[in-house]
Amino acid sequence: MGLRWLWRHRVSALLLVLALLLLLTLLATHSLQTNRTYELRPTADRRNQRRAPEKHTSTLTPNTHQPLKHTTTARAERQRSHPPLVFLKTHRTGSSTVQNILFRLGEREGATFAFPSHTYQFNYPDRFRAAFVDELPEGSSQFNVLCSHMRLDLREVRKVMPQNTVFITLLRDPIKTFESVFGYYTSITPAFFSAHRAAANQGKSALSVFLDSPETFWDPKEPGNGLAKNPMSFDLGLNNQKWNGSWPEDLAQLEEAFHLVMIAEHFDESLVLLGALLGLEHPDVAYLRLNARAGNCVTELDENMREKVRSWNMLDTLLYDFFEQVFWEKAAQFGLERLKTEVARLRASTMKMQQKCVSRAEVPPGELEDLLRPWQTETATIVGYEVRGNLSLQDQGFCVRMMLPELQYHSHLYFKQYGRDMRAAPAD
């Protein structure tokens, strides 16, 4: 089975909860402040030559707690106060949490999302093409937000998004990323599934068996194996198989293209820099960690296994180390003491939101209603949240959105934008 099979079959299950999702359009949403501007903070040296987006100072009409109308007038009345945005959603890095922030931001502003023509991903694992994007909805002059999974092709993305688009992404420690990718996609990625079957006869974990001889299980010609080696490099459109002479130039192009590469190990610091980039307040980027595995699904790695993961994913290590340095250069320009202060304020805001919204955290999927149940893989249990009771309609709408899993939120926003269900993936 391949990734396309997964994305095609997700849709039928989610149609069962679509009726519940439609109720969200009747719930209140928070309005954003008006007349915001955003500020770009490029890093030193050649990063100062980066073309900065134009400033936006348009007034945002407050949300009137009504569903967005699909008319030119309705969209014109809800002008965006932030620049167009592309978020490259990398696998198992914490990107679902960032996507949720952007979904909420875009929904509050009546943004036009660049959604895949079929299902939830842009024909992954193929490289992104402009043809994968659904049509521009009636009444919209451009796409404002693109944040669904894809394998990056910058040239093709730029055909879809406006010239002043801000590009961001998120990277995570390659060891943690690979362990999570393996655990989450064991039954979907051919190389991982082969190791899983082999482990049944050896009395060892599937990850341990794979790391003992990864080349035995990994066929680079198999399209479904893209995440089986250097998954972050693969998502970023790089050659993930081996080092070649184009890598330094490829990294330089990515550095030039992305205005912010967030680091999962410094998540709150990353969100503060994101807020500064887009002109957001702390409540705008307050969050709940989404799509997290239950603790008993996480494989503890000894130093020997960690070294094997690092060796197998050497290109991801180079990628991560490069952009971690870039990240701290941006942090230094922002001001490290200022950053520390703003992180404390963000954490206080996040804690306040969590206390307001969450009745229970890390709730097993069997105890969650369909609307709030994350998609489950065959080899990992994904936990979720239970919303606090006795909330006002306005607070309930806000809180549900904070904990809404990716697929449900995606379905909701797609229907809201187009007035129809998502299309299933075409048969092979």
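What you see as residue numbers is a count from 1 along each chain, following the sequence as written. The predicted origin of the model limits local features to residues at a pLDDT of at least 70 and limits the giving and counting of side-chain atom pairs to 80 or more, whereas totals for whole chains, interfaces and linings rest on all residues. Side-chain calculation: all heavy atoms of the structure are included, whereas hydrogens and water are not.

Engineer: Break down the overall build of the chain for me, citing the residues and quoting the values.
Structural biologist: For the chain, the helix and strand inventory stands at 18 helices and six strands. Counting the 428 residues in the chain, one finds 58% classified as buried. Long-range contacts, defined as pairs at least 24 residues apart, comprise 78% of the intrachain contacts of the chain with a sequence gap of at least 6. Surface accessibility of the chain: about 18000 Å² in total, with carbon and sulfur atoms responsible for 50%. Put simply, DSSP H or I for four residues or longer makes a helix, DSSP E for two residues or longer makes a strand, and each gets a number counted from the N terminus. Throughout, exposure labels follow a simple rule: accessible area from a 1.4 Å probe, protein chains only, divided by the maximum for the residue type, with under 20% read as buried, over 50% as exposed, and the rest as partly exposed. What makes two residues a contact is simply this: any of their non-hydrogen atoms within 4.5 Å. Values of accessible area rely on a 1.4 Å probe in the Shrake-Rupley scheme; residue burial ignores everything except the protein chains shown.

Engineer: If you had to explain the confidence of the model for the chain to someone new, which residues and values would you point to?
Structural biologist: Every residue carries a pLDDT, the predictor's confidence in it, which falls somewhere between 0 and 100. Across the chain, the average pLDDT comes to 85, with 81% of residues at or above 70. Counting interchain partners and residues more than four positions distant, the pLDDT-below-50 stretch residues 1-79 has 185 contacts.

Engineer: Mind laying out the packing of helix α6 (residues 174-184) against helix α14 (residues 303-312), listing which residues take part and the relevant values?
Structural biologist: The axes are straight lines fitted to the C-alpha atoms, using for helices just the contacting stretch, and the angles between their N-to-C directions are given from 0 to 180°. Relative to each other, α6 and α14 sit at 95°, their axes nearing to 9 Å. Here α14 runs roughly perpendicular to α6, going by the angle between their axes. Residues Pro174, Ile175 and Phe178 of α6 pack against Arg306, Val309, Arg310 and Trp312 of α14. Gly is put with the polar residues, along with every residue not named as nonpolar or charged; the nonpolar set is Ala, Val, Leu, Ile, Met, Phe, Trp, Tyr, Cys and Pro, and the charged set is Asp, Glu, Lys and Arg. Residue composition of the contact of α6 with α14, by class: five nonpolar, no polar and two charged. Reported orientations rely on four angle classes, namely roughly parallel under 35 degrees, roughly antiparallel over 145, roughly perpendicular from 65 to 115, and oblique for the rest.

Engineer: Go over the environment of lysine 159 with me, naming the residues and quoting the values.
Structural biologist: The topology assignment puts lysine 159 in helix α5 (residues 154-160). Classification of lysine 159 by relative accessible area gives exposed; the value is 56%. The spacing of lysine 159 and arginine 129 is 30 residues in sequence and 8.9 Å in space, taken between C-alpha atoms.

Engineer: I'd like a rundown of the pairing of strand β3 (residues 166-171), residues and numbers included.
Structural biologist: When a strand is regular, its side chains alternate between the sheet's two faces. Within β3, six of the six residues are buried, leaving the element largely enclosed by the surrounding structure. The two faces of β3 match: Val166, Ile168 and Leu170 on one face and Phe167, Thr169 and Leu171 on the other face are all buried. The criterion for strand pairing is that DSSP finds at least two bridges linking the strands in question. Sheet topology places strand β1 (residues 85-88) next to β3; four bridges connect them, and they run parallel. Directly across from leucine 88, in β3, lies its bridge partner threonine 169.

Engineer: I'd like to hear about the state of the cysteines, residue by residue, with values.
Structural biologist: Two cysteine sulfur atoms form a disulfide, by the criterion used here, when they sit within 2.5 Å. By the definition in use, this model includes one disulfide. What pairs with cysteine 357 in a disulfide is cysteine 399, and their sulfur atoms sit 2.1 Å apart. On the S-S bond that ties cysteine 357 to cysteine 399, the torsion sits near -65°, and the link is left-handed. On the criterion of sequence distance, the pair formed by cysteine 357 in helix α16 (residues 336-357) and cysteine 399 in helix α17 (residues 393-403) is long-range, its members being 42 residues apart.

Engineer: Account for the sheet that holds strand β2 (residues 145-146), naming residues and giving values.
Structural biologist: Strand order in the open sheet formed by four strands is β2-β1-β3-β4, with parallel pairing between adjacent strands. The open sheet is flanked by β2 and β4 (260-263), the only strands paired with a single partner. One ladder, built from four bridges, connects β3 with β4; its direction is parallel. Paired with isoleucine 168 across the bridge in β4 is leucine 260. The strands that helix α12 (residues 267-278) touches are β1, β3 and β4; relative to β4, the one it contacts most, it runs at about 155°.

Engineer: Talk me through helix α7 (residues 190-199); I want residue IDs and the actual numbers.
Structural biologist: Of the positions making up α7, those classed as buried are Ala191, Phe192, Ala195 and Ala199. Down the axis of α7, the smallest arc covering the buried residues is 95°, so these residues share one side. On its buried face, α7 sits against α6, α8 (206-212) and α9 (214-217). The directions considered for the arc are those from the helix axis to the C-beta atoms.

Engineer: Describe the side chain of glutamate 342, and please don't skip the residues or the numbers.
Structural biologist: Its place among the elements puts glutamate 342 in helix α16. Judged by its relative accessible area of 16%, glutamate 342 falls in the buried class. The contact partners of glutamate 342, leaving out residues within four places of it in the chain, are Val272, His282 and Phe334.

Engineer: Which residues make up the pattern of salt bridges, and what values do they have?
Structural biologist: By salt bridge we mean one thing: a side-chain nitrogen of Lys or Arg within 4 Å of a carboxyl oxygen of Asp or Glu. Considering all chains together, one arrives at 21 salt bridges under this definition. A salt bridge links arginine 360 to glutamate 367; the nearest nitrogen and oxygen atoms lie 2.9 Å apart. On the basis of relative accessibility, which here comes to 47%, the residue glutamate 367 falls in the partly exposed class. Residues aspartate 370 and arginine 373 are paired through a salt bridge, measuring 2.5 Å at the closest nitrogen-oxygen approach. Here aspartate 370 falls in the partly exposed class, since its relative accessible area comes to 35%. On the basis of relative accessible area, arginine 373 is assigned to the partly exposed category, the value being 27%. Here the salt bridges share partners, and the residues they tie into one network are Asp134, Glu135, Arg420 and Arg423.

Engineer: So what's going on with the packing of helix α11 (residues 247-257) against helix α15 (residues 314-334)? Which residues, and what values?
Structural biologist: The interhelical angle for the contact between α11 and α15, taken along N-to-C directions, is 40°, at an axis separation of 12 Å. In terms of axis orientation, α11 runs oblique to α15. Considering how the two elements wind past one another, α11 and α15 form a crossing that is right-handed. Residue-level contacts link Trp247, Leu251, Leu254 and Glu255 of α11 to Leu315, Leu319, Phe322, Phe323 and Val326 of α15. Of the residues belonging to the contact of α11 with α15, the class tally is eight nonpolar, no polar and one charged. For any helix crossing, the convention is left-handed if the near helix is rotated counterclockwise from the far helix by under a right angle, and right-handed if that rotation is clockwise.

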